[in-house]
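# Secondary and tertiary structure notes
Chain by chain, the residues run as shown.
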Amino acid sequence: MSVPQLLRHPWTVFLGRRTLRLLLSLGFVLTASFAMIRLVPGDPVRAALGVDAAPDLVAARRHALGLDTPFLSQYWHYLGGLLHGDLGTSLVTGTPVAEMIRTRLPATLEIAGLAFAATLVVALPGGLLAAVRTRDGRRPRTELAFTAVTAGMAGVPDFVLAAGLTALLAVGLQLLPVAGAAGVGSFVLPVLALSLAPTAVLLRIVRVEALKVLNEDYLRTARSKRLSPARRYLRHAAPNTATAALTVAGGLLPALIAGTVLVEKVFAWPGIGSAMAQSAVAQDFPVVQAMVLVLGTTVLLAGLLVDVLLAVLDPRSAIREM
């Protein structure tokens, strides 16, 4: 294949378009995280040194950090640091922020990845099963119970779920650790707290999509050929339902990853979410700024992966999308 043909190939155009969208979004997240921290009322240097710190010491610290320079000068200096892997230094601990992220990011990705996987593993077959059991108005009580339970679960905030799960499973029944990352059991509560609400939302959407698929002509043809229910549902219904479900699941990713901030705080999980919450209280803006940038980048990269996966599953609709 020649270079011009390669450049015009649908996959090349698709990946180029998605990469450009990613870079533009990253630029927005970077600029927004930088500006947001500096527009928040309060003096982070004064907060770090204490209210009784001498004015000369505060002024010297601000000068050392470049906070007494114009906004644009600070922004260009920040961009230059990013290009060299410098995310700044914590005002409170003096620790390089890049080192904090290196040690804490894996813990956040572990519970976020497990929560997303748990959401898909439960919602895809669960929503399809609910559609099969309740299609054509069958089992109205089952449909009512399914709708009520999933609506209730979807409406409960992550931190409320975290507190309730802790009270029930950790304090009341003493089945799981209350907090910290000590063994496999410590993953259960954070993952449950993060995944229950997205699972409920995705269950409802998968059921609705599956009900549409079950009424398609090719499913009626499969039934007329007396194919087994397992073959009809797993081979014909599930793949078509999965495409729509993954699209929705990709939209749930930002809320799921953002939820790690509060969930990690509740369970004292050693990830970047808990560090971000502590740093926000202490007005340690280099840490908060870097954590927002990392979480935003993680969301964007995860969305790109979902887009590519959807293109692999259904190239005719995804790759040709303009």
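Look a little higher up for the structure.
First things first, this report covers the structure right here in the doc. Since the model is a prediction, treat every value here as computed from it, not as a measurement.

### Some points on helix H8 (residues 158–172)
Here H8 spans 20 Å end to end across 15 residues, near enough to the 21 Å set by a 1.5 Å rise per residue. If you look at H8, its biggest bend is around 30°, right at Thr166. Asp158, Leu161, Ala162, Leu165, Thr166, Leu169 and Ala170 are the residues of H8 that are buried. One or two steps after H8, the chain reaches Gln174, where phi turns positive at roughly 55°.

### Focus on the nonpolar core
Counting residues in hydrophobic clusters, the biggest one holds 33 residues, and the most contacted among them are Phe116, Leu120, Leu189, Ala193, Leu202 and Phe267. Going through the elements one at a time, helix H6 (97–134), H8, helix H9 (188–214), helix H11 (229–266) and helix H13 (285–313) are the ones with two or more residues in this core. With eight residues, H6 is the largest single contributor of residues to this core. Ranked by size, the runner-up nonpolar core spans 25 residues in total, among them Ala53, Leu67, Ile101 and Ile257.

### With respect to the layout of surface pockets
When its volume is computed, the largest pocket comes out at roughly 440 Å³. Lining the largest pocket are 19 residues; nearest its centre among them are Arg38, Leu65, His77, Tyr78 and Gly88. Among the secondary structure elements, those contributing two or more residues to the lining of the largest pocket are helix H2 (10–39), helix H4 (55–65), helix H5 (71–83) and H13. Looking at the lining of the largest pocket element by element, the count peaks at five residues for H5. Its residues assigned to classes, the lining of the largest pocket comprises eight nonpolar, nine polar and two charged.

### Examining the side chain of Gln74
Relative to the helices and strands, Gln74 is located in helix H5. According to the relative accessible area criterion, Gln74 is buried, its value standing at 12%.

### Remarks on the pattern of salt bridges
Throughout the structure, instances matching the rule amount to three salt bridges. Among the ionic pairs, Glu99 bridges to Arg102, the shortest N-O distance being 2.6 Å. Pair noted here: Glu99 and Arg102 are both in helix H6, with a separation of three residues, about one helical turn. Classification of Arg102 by relative accessible area gives exposed; the value is 55%.

### Remarks on unusual backbone geometry
Even without a glycine there, the phi angle at Arg139 is positive, about 45°. As for its placement among the helices and strands, Arg139 is situated in the loop between H6 and helix H7 (140–154). When its relative accessible area of 37% is taken as the criterion, Arg139 is described as partly exposed. If you check the backbone angles, Ala268 has positive phi at about 50° while not being a glycine. Along the chain, the position of Ala268 falls in the loop between H11 and helix H12 (272–281). The class for Ala268 is partly exposed, based on a relative accessible area of 48%.

Cut-offs used in this document
- Residues numbered from 1 in each chain as written.
- Predicted model: local features only at pLDDT ≥ 70, side-chain atom pairs only at ≥ 80, totals over all residues.
- Heavy atoms only, no water.
- Helix = DSSP H or I, 4+ residues; strand = E, 2+ residues; numbered from the N terminus.
- Expected span 1.5 Å × (residues − 1).
- Bend = angle between axes of the 7 residues up to and from the residue.
- Buried < 20%, exposed > 50% of the residue type's maximum accessible area, 1.4 Å probe, protein only.
- Core = buried A, V, L, I, M, F, W, Y, C linked by side-chain atoms within 4.5 Å.
- 1 Å grid on protein atoms, 1.4 Å probe; cavity = no way out; pocket = protein on both sides within 12 Å on 5 of 7 lines; lining within 4 Å.
- Points joined across faces, edges and corners; volume = space filled by probe spheres on them.
- Nonpolar A, V, L, I, M, F, W, Y, C, P; charged D, E, K, R; others polar.
- Salt bridge = Lys/Arg side-chain N within 4 Å of Asp/Glu carboxyl O.

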